[in-house]
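Each chain is listed here by its residues.
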Amino acid sequence: MSRPAPIRLDADTWVIMRSATDHPTAIVNRVTDTAGEARFLVMKWHLDPAQRRMTGIFPTLEQADASVLYDNAAHIAQAQRKTSGPPNGGGPLHT
């Protein structure tokens, strides 16, 4: 699976997209640490800003992007729904 590039919103903010197509998975903000070095703060995105959580701080945007994983649980659940049920796709089993 090809990882989409971060989408730049402004000089110091990027959106990271993964499995969901209607909202970001994470937001990355470039900040400056006490030594004057750039750091990339990764926040797990949520519609409610109070629910957003920091997941890491990285020295490069590439490392910040790589830290944002895909939601494989949703893909697994969808695949399980497709393969669950009676054999040969028949209706409910009768005893």
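The shown structure was predicted, so the numbers you read here are calculated from the model rather than taken from an experiment.

A. The arrangement of the pairing of strand S4 (residues 38-44) in detail. Across 7 bridges, the pairing between strand S3 (residues 26-32) and S4 is antiparallel. Looking at the pairing, arginine 30 lines up with phenylalanine 40 of S4. Hairpin connection of S3 to S4: 5 residues between the antiparallel strands, including glycine 36 at a positive phi of 85 degrees. Across 5 bridges, the pairing between S4 and strand S5 (residues 53-58) is antiparallel. Bridged to leucine 41 within S5 is isoleucine 57.

B. The arrangement of the packing of aromatic side chains in detail. With the rule as written, the count across this model stands at 1 aromatic pair. In this arrangement the basic side chain of arginine 18 is found over the ring face of tyrosine 70, its NZ or CZ atom lying 5.3 Å from the centre.

C. Broad picture of the pattern of salt bridges. Scanning the entire structure with this criterion turns up 3 salt bridges. Arginine 30 is the salt-bridge partner of aspartate 12, the closest N and O atoms lying 2.8 Å from each other. Of this pair, aspartate 12 sits in the loop between strand S1 (7-10) and strand S2 (13-16) while arginine 30 sits in strand S3, and the two are 18 residues apart along the sequence. With a shortest N-O distance of 2.7 Å, arginine 18 and aspartate 65 are connected by a salt bridge. Taken together, the residues arginine 18 in the loop between S2 and S3 and aspartate 65 in helix H1 (residues 61-67) connect sequence positions 47 residues apart. For the pair formed by arginine 18 and aspartate 65, the shared burial category is buried.

Reading guide: rules and limits
Residues numbered from 1 in each chain as written. Predicted model: local features only at pLDDT ≥ 70, side-chain atom pairs only at ≥ 80, totals over all residues. Heavy atoms only, no water. Pairing = 2+ DSSP bridges. Helix = DSSP H or I, 4+ residues; strand = E, 2+ residues; numbered from the N terminus. Phe/Tyr/Trp six-rings, centres within 6.5 Å; stacked < 30°, edge-to-face > 60°. Lys NZ or Arg CZ within 6 Å of the ring centre and 35° of its normal. Salt bridge = Lys/Arg side-chain N within 4 Å of Asp/Glu carboxyl O. Buried < 20%, exposed > 50% of the residue type's maximum accessible area, 1.4 Å probe, protein only.

By themselves, these figures tell us nothing about what the structure is for.
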